[in-house]
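Listed below, chain by chain, are the residues.
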Amino acid sequence: MAVLEKPVIIGRSSSHFTRIARIFAAELRVDPSFQVVRDLLSTDPGDYGGNPALRIPVLKTSRGVWFGALNASREMWRQSSPRLRVVWPEDLDTPLLANMQELTLQAMATEVTLVMEKMAGAGEGTTHARKLRESLLNMMAWLEENANAALAALPPERDVSYLEVTLFCLVTHLEFRDVLPVQPYAALNQFRQQFEQRPSASETRYRFDT
Ligand SMILES: N[C@@H](CCC(=O)N[C@@H](CS)C(=O)NCC(=O)O)C(=O)O
């Protein structure tokens, strides 16, 4: 395998899972190259860095190819020096924190399906799409109710947590893709405004790749 001088993130600037990896890269000062996947309806794994799931992000490094945002973020962290104090999902050992992470990721996944249904032309008229929206609203209500307590329960000595990065990517993406207004969710909105102050957030704003 050719030795890569620097890691490559394969994804899209409009994708919330891609933004997780991009925020970690910025926090860790890794400076990867960025390769855009032009057509998210492509069925060629080659367009997704070889990911058989046909999903982004994918990270390419000299050690190999890493599928998914968590793998990508963690590998960049392993390669970084000095290593930041990151709270990873497996460190969340209370129901409050573990469920907060689970529902954040599930809400992101549910949103992906809603957006992809729209992109593919099916809209939100099906009974399944209606169930997905109901599920998304339920999860958002739970996240709103528990956000303040969960964020306060994170270890104070951290630099950043996967939970905060994913929650930020979710909340900002719901508005960016016009899936749900976030204004009515006061606690989540306040968290968004605070996290947005980080350079890693302002450097990775969502936009549609041209
Ligand atoms: N488990 C993956 C999920 C990645 C994912 O769903 N990415 C979306 C873009 S934000 C995607 O590739 N969607 C294409 C599709 O649903 O066909 C991760 O954590 O990275």
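- In the nomenclature of an unreviewed UniProt entry, the chain corresponds to Glutathione S-transferase domain-containing protein from the organism Corallococcus interemptor.

A closer look at the packing of helix 4 (residues 127–153) against helix 6 (residues 186–195)
- Contact pair helix 4 / helix 6: the axes reach a minimum separation of 7 Å and the direction vectors enclose 55°. Classified by the angle between their axes, helix 4 and helix 6 sit oblique to one another. By crossing handedness, the relation of helix 4 to helix 6 is classed as left-handed. Residues M140, L143, E144, A147, N148 and L151 of helix 4 form the contact with helix 6, whose participating residues are A186, A187, L188 and F191.
- Considered class by class, the residues forming the contact of helix 4 with helix 6 number eight nonpolar, one polar and one charged.

Points about the side chain of S200
- With respect to the element layout, S200 can be found in helix 7 (residues 199–202).
- Given the relative accessible area of 4%, S200 is considered buried.

Quick word on the side chain of H173
- Following the sequence through the fold, H173 ends up in helix 5 (residues 162–176).
- Separated by 2.8 Å, the side chains of H173 and E111 make a polar contact.
- Every residue in contact with H173, bar those within four places of it in the chain, is listed here: S14, S15, H16, E111 and Y206.

Regarding the nonpolar core
- In this structure, I20, F24 and M140 are the most contacted members of the largest nonpolar core, which totals 55 residues.
- Counting residues per element, the ones that place at least two in this core are helix 1 (16–28), helix 2 (69–79), strand 5 (86–87), helix 3 (95–119), helix 4, helix 5 and helix 6.
- In this view, M140 contacts L170, L174, L180, Y185 and L188; residues no more than four positions away in its chain are not counted.
- Ranked by size, the runner-up nonpolar core spans six residues in total, among them V8, V37, Y48 and I56.

A closer look at unusual backbone geometry
- Put simply, I56 and P57 share a cis peptide bond, and its omega is 10°.
- Mapped onto the elements of the fold, P57 is located in the loop between strand 2 (33–36) and strand 3 (58–61).
- Looking along the chain, the bond that leaves S81 and enters P82 is cis, with omega of -5°.
- As for its position among the elements, P82 is in the loop between helix 2 and strand 5.
- Notably, R29 is not glycine yet its phi reads approximately 55°, a positive angle.

Thresholds, definitions, all that
- Residues numbered from 1 in each chain as written.
- Predicted model: local features only at pLDDT ≥ 70, side-chain atom pairs only at ≥ 80, totals over all residues.
- Heavy atoms only, no water.
- Axes fitted to C-alpha atoms, helices over the stretch in contact; angles between N-to-C directions.
- Helix = DSSP H or I, 4+ residues; strand = E, 2+ residues; numbered from the N terminus.
- Parallel < 35°, antiparallel > 145°, perpendicular 65-115°, else oblique.
- Left-handed = near helix turned anticlockwise from the far one by under 90°.
- Contact = heavy atoms within 4.5 Å.
- Nonpolar A, V, L, I, M, F, W, Y, C, P; charged D, E, K, R; others polar.
- Buried < 20%, exposed > 50% of the residue type's maximum accessible area, 1.4 Å probe, protein only.
- Polar contact = N/O pair within 3.5 Å; in protein donor to acceptor, adjacent residues only side chain to side chain.
- Core = buried A, V, L, I, M, F, W, Y, C linked by side-chain atoms within 4.5 Å.

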